[in-house]
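# What the coordinates show
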Amino acid sequence: MGRIADLSIPDLNGKRAVVTGASDGIGTVIATRLARAGAEVVMPVRSAAKGERAAESIRAAAPGAQVSTRELDLSSLNSVAALASELVSEGRPIDVLVNNAGVMQPPERQVTRDGFELQFGTNHLGHFALTLGLMPLLRAGGARVTHQTSIAARSGTINWDDLNWERSYDVMKAYSQSKLAVALFARELDARSRAGGWGITSNMAHPGISPTNLLAAQPGLGRPKDSAGRRLIGVLARVGIAGTVDSAAQPGVIAAAGTASRGDQFVGPTRLIGGPPAEVGLWKPLRNMDDARRLWEASEELTGSRLSS
């Protein structure tokens, strides 16, 4: 463990990268770094207008880059299936997949189009279904799949008796569960790939704490103004305690495309809430592979997503 000595990104010309949540914040930074390295970047986004603005900013930062947007609402399994079908029909292998998009702490319990608790359904189940739907392309590309978790997973537990928090809803515990689920899925995906000879690697990154828009004003989530937590993080970032959006994106960049990255690896900031990217030890809740297997099976049941072999 410790600081990753080689932070370089190899030449990605001829490679195809798919980055969810790339229309804003950390996702835009990751997509820009991959584009600068020569990758063709596909940005699945919920808002076409916001996505195109981000794509234009990436093209400006990486002249000549191939950047395109696709429609995706991770809170809708129909939308997830439509994107997977579209990309599979294009037939281009995927070399890098970054499951980065997420939602955080709606003021009240909300559900996805399919009735799942919004954070669990979007952050984990949507990405679970997308990854399995793209598996033919991931295998064809020998892809590296990177999953963006959170320091919330450090104290997370899986509420096995009520995965969708229909009873005794706790917004922060539900968020922590969703990000723990992201990490457990990452580990189980890598284990199954190694056991089955799928040829893909799966790893995890966490950004520490930075002033992204996860806790900013989002009227669509019922949050009319920035949360108090978002304002506090902004102050911490300005005095150098918390990370910036750019620094918070670096673990994800290195996990997705760094020359020293590999499967079942966890990359985060040197300090828990900020600092240069480093390989970090697995937090205790991330070590339970029985939970990882159980979660995979539960996710199959909830989403109806299964691998053919």
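Bear in mind the structure is a predicted one, so any value in this text is a computation, not a measurement.

A few words now on the packing of aromatic side chains. Geometry of an aromatic ring pair is reported as the spacing of the ring centres plus the angle between the planes. Going through the model one piece at a time under the given rule, you end up with four aromatic pairs. Each ring, one from Phe 128 and one from Trp 296, has its centre 5.4 Å from the other, and the planes form 85°; the classification is edge-to-face. Highlighted residues: Phe 128 in helix α4 (residues 118-133) and Trp 296 in helix α9 (residues 289-303), separated in sequence by 168 residues. You'll find Phe 128 and Trp 296 in the same group, each marked buried. Residues Phe 185 and Trp 296 carry aromatic rings whose centres are separated by 5.6 Å and whose planes lie at 50° to one another, so their mutual orientation is tilted. Residue Phe 185 is found in helix α6 (residues 171-196), and its partner Trp 296 is found in helix α9; the two are separated by 111 residues along the sequence. For Trp 296, a relative accessible area of 2% gives the class buried. Over the ring of Trp 160 we find Arg 294, and its NZ or CZ is 4.1 Å from the ring centre.

Time to look at the side chain of Asp 73. Relative to the elements of secondary structure, Asp 73 occurs in the loop between β4 (67-71) and α3 (77-90). A polar contact of 3.5 Å, which involves the side chain of Asp 73, links it to the side chain of Arg 113. With residues near it in sequence (within four places) discarded, Asp 73 still touches Arg 46, Ser 79, Val 80 and Arg 113.

On strand β2 (residues 16-19), burial covers both faces: Arg 16 and Val 18 on one face and Ala 17 and Val 19 on the other are all buried. As defined by bridge partners, β2 adjoins strand β3 (residues 40-45) across three bridges and the pair is classed as parallel. Bridged to Val 18 within β3 is Val 42. Handedness of the crossover joining β2 and β3 through helix α1 (residues 25-36) is recorded here as right-handed. Two elements, β2 and strand β5 (residues 96-99), share three bridges in a ladder whose sense is parallel. Counterpart to Val 19 in the pairing with β5 is Val 98.

What follows is about unusual backbone geometry. Of note in this structure, Gln 105 is not a glycine but carries a positive phi near 50°. With respect to the helices and strands, Gln 105 occurs in the loop between β5 and α4. You will see that Ser 168, though not glycine, has its phi angle at about 50°, which is positive. Positionally, Ser 168 belongs in the loop between β6 (144-148) and α6.

Along the chain, the position of Ala 256 falls in helix α8 (residues 245-257). For Ala 256, a relative accessible area of 2% puts it in the buried group.

Let us look at α9. Taking 1.5 Å per residue as the helical rise, α9 with its 15 residues ought to reach 21 Å, and the 21 Å between its terminal C-alpha atoms agrees with that figure. Taken residue by residue, α9 has Met 289, Ala 292, Leu 295, Trp 296, Ala 298, Ser 299, Glu 300 and Thr 303 as its buried positions. Tucked into the core, α9 has its buried residues touching α3, α4 and α6. Among the residues of α9, the N-terminal cap falls to Asn 288, whose side-chain oxygen and the backbone nitrogen of Asp 290 are separated by 3.0 Å. Two residues or fewer past α9, Gly 304 is found with a positive phi of approximately 75°.

What follows deals with the environment of Val 19. Among the secondary structure elements, Val 19 is positioned in strand β2. Using a relative accessible area of 0% as the deciding quantity, one classes Val 19 as buried. Sequence-wise, Val 19 and Asn 100 are 81 residues apart; in three dimensions their C-alpha atoms are separated by 6.7 Å. For Val 19, the residues in contact, after removing those within four places along its chain, are Gly 27, Ile 30, Ala 31, Leu 34, Val 41, Val 42, Met 43, Pro 44 and Val 98.

Once that is clear, we can look at the packing of α1 against helix α2 (residues 48-61). Packing of α1 against α2 leaves a shortest axis separation of 9 Å and a crossing angle of 40°. If you check the angle between α1 and α2, you find them oblique. Of the two possible hands of crossing, α1 and α2 adopt the one that is right-handed. Taken together, the residues of α2 that come into contact with α1 (itself represented by Thr 28, Ala 31, Thr 32, Ala 35 and Arg 36) are Ala 54, Ser 57, Ile 58 and Ala 61. Tallied by class, residues from the contact of α1 with α2 come to five nonpolar, three polar and one charged.

Analysis parameters
- Residues numbered from 1 in each chain as written.
- Predicted model: local features only at pLDDT ≥ 70, side-chain atom pairs only at ≥ 80, totals over all residues.
- Heavy atoms only, no water.
- Phe/Tyr/Trp six-rings, centres within 6.5 Å; stacked < 30°, edge-to-face > 60°.
- Helix = DSSP H or I, 4+ residues; strand = E, 2+ residues; numbered from the N terminus.
- Buried < 20%, exposed > 50% of the residue type's maximum accessible area, 1.4 Å probe, protein only.
- Lys NZ or Arg CZ within 6 Å of the ring centre and 35° of its normal.
- Polar contact = N/O pair within 3.5 Å; in protein donor to acceptor, adjacent residues only side chain to side chain.
- Contact = heavy atoms within 4.5 Å.
- Pairing = 2+ DSSP bridges.
- Right-handed = clockwise from strand over helix to strand, strands pointing away.
- Expected span 1.5 Å × (residues − 1).
- Axes fitted to C-alpha atoms, helices over the stretch in contact; angles between N-to-C directions.
- Parallel < 35°, antiparallel > 145°, perpendicular 65-115°, else oblique.
- Left-handed = near helix turned anticlockwise from the far one by under 90°.
- Nonpolar A, V, L, I, M, F, W, Y, C, P; charged D, E, K, R; others polar.

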